[in-house]
Structure formats: structure tokens, C-alpha cells
Amino acid sequence: MQRHLHEIVVVDDDVSVCRAFSRLLKSCGFDVRTYTSTESFFDAETPCDKCVLILDIRMPGIDGLEVQDIIRKTNPATPIVFVTAHEDEEARTRALDGGARAFLRKPVNEEDLLRAVNEAMGGVE
């Protein structure tokens, strides 16, 4: 299956966040895949090769920062946008130092999310 340059992958354990992000991004013309666990993301048949990855920080099992570490080893050019409901300066610093394109606080402003995704798209080849 060929990947699209406008593909967004959302990994968040909150189903309502996945649904809301998916609706918003699809309404802007993006192809969107959602996963409610990092395990289901890694088990997917089609990996995130040429996409923007939107990751929650705190999730059961493998958290978003661990996913970032794994992705950086396998697909270092994958742009990552983090979202979190928790104020955590250490996580923010680690995410941005690890190459994240944005770190957004939930509830995420739609314009901020779209801006972050569009800016991240500039890095997808």
C-alpha cells in the first residue's frame, strides 16, 4: 500500500481524542489512521513511513516518549507532534530535544493542531 504525504497517524488512548482529531484532520483533506494503544500502532501492517505522527505522552504500556525513541531509530525523519493533558516540563523538554515538531496541551486548540501538522508536513519527503 502506498503511503500518502498527507497522512496523519494519531496514537492516543482516549477514543474521543482519536475521534475528534480524525474528524478535524479529515475535514481538512488529510488521510488519518488512529490507534488507541502504542501496541496496536506497532502491530499495524502499514508502518508510519511518510506521515506526521500525533502522539499522546502518557499511555498505558509504551508511552509516547518511548515511541519517539523507537521511531527515531527506525524512521528518524518522521515528524512528531505531541499532545498531553499533563503539565510536565521534563517530558516537554525531552520531546522537543528528541526532535518533536510541537508539544501541545489538551484540550488542544484546533488551529494550533492544524498549524503544527501543516508545519510538520514541510518535513515529510
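Data block above holds the structure.
For the structure given in this document, a descriptive report is provided here. (Residues numbered from 1 in each chain as written. Predicted model: local features only at pLDDT ≥ 70, side-chain atom pairs only at ≥ 80, totals over all residues. Heavy atoms only, no water.)

What follows deals with helix H3 (residues 64-74). Residues of H3 that are buried: Gly64, Leu65, Val67, Gln68 and Ile71. Along the axis of H3, the buried positions cluster into a sector of 150°, meaning they face one direction only. Exposed residues pointing more than 90 degrees away from the buried face of H3 are listed as Lys73 and Thr74. Buried residues along H3 sit against helix H2 (38-43), strand S3 (51-56), strand S4 (80-84) and helix H4 (89-97). Measuring from the backbone nitrogen of Leu65 back to the side-chain oxygen at the start of H3 gives 3.1 Å, which picks out Asp63 as the cap. (Buried < 20%, exposed > 50% of the residue type's maximum accessible area, 1.4 Å probe, protein only. Helix = DSSP H or I, 4+ residues; strand = E, 2+ residues; numbered from the N terminus. Arc of directions from axis to C-beta. Contact = heavy atoms within 4.5 Å. Polar contact = N/O pair within 3.5 Å; in protein donor to acceptor, adjacent residues only side chain to side chain.)

Another aspect to go through is the packing of helix H1 (residues 15-27) against helix H5 (residues 110-121). Their axes nearest at 11 Å, the elements H1 and H5 cross at an angle of 65°. Considering how the two elements wind past one another, H1 and H5 form a crossing that is right-handed. Two secondary-structure elements touch here, H1 through Phe21, Leu24 and Leu25 and H5 through Glu110, Leu113, Leu114 and Val117. Among the residues making up the contact of H1 with H5, the classes are represented as six nonpolar, no polar and one charged. (Axes fitted to C-alpha atoms, helices over the stretch in contact; angles between N-to-C directions. Left-handed = near helix turned anticlockwise from the far one by under 90°. Nonpolar A, V, L, I, M, F, W, Y, C, P; charged D, E, K, R; others polar.)

A few words now on the pattern of salt bridges. Counted under the stated rule, the structure contains seven salt bridges. Asp88 is the partner of Arg58 in a salt bridge, and the nearest nitrogen-oxygen pair spans 3.5 Å. One end of the pair, Arg58, is in the loop between S3 and H3; the other, Asp88, is in the loop between S4 and H4, with 30 residues separating them in the sequence. On the basis of relative accessible area, Arg58 is assigned to the partly exposed category, the value being 42%. Glu87 is the salt-bridge partner of Arg105, the closest N and O atoms lying 2.7 Å from each other. Placement of the pair is Arg105 in strand S5 (residues 102-105) and Glu87 in the loop between S4 and H4, with a sequence separation of 18 residues. The exposure class assigned to Glu87 is exposed, which follows from its relative accessible area of 60%. Each of Asp12, Asp56 and Lys106 takes part in a single network of salt bridges with overlapping partners. (Salt bridge = Lys/Arg side-chain N within 4 Å of Asp/Glu carboxyl O.)

Moving on to the pairing of S5. In this sheet, S5 lies alongside S4 in parallel orientation, the contact comprising four bridges. In the sheet register, Val81 faces S5, and the bridge partner there is Ala102. In this fold, S4 hands off to H4, which returns the chain to S5; that crossover is right-handed. (Pairing = 2+ DSSP bridges. Right-handed = clockwise from strand over helix to strand, strands pointing away.)

Time to look at the sheet that holds strand S2 (residues 31-35). The five strands lie next to each other as S2-S1-S3-S4-S5, forming an open sheet whose pairing is parallel. Both edges of this open sheet fall to S2 and S5, since each of them pairs with a single strand only. Averaged over all pairs of adjacent strands, the angle between their axes in this sheet comes to 20°, without regard to strand direction. Bridge count for S3 against S4 is four bridges, and the pairing is parallel. Opposite Ile54, over in S4, you have Val81 as the bridge partner. Set on the sheet, H1 makes contact with strand S1 (7-11), S2, S3 and S4; between it and S2 the angle comes to about 175°.

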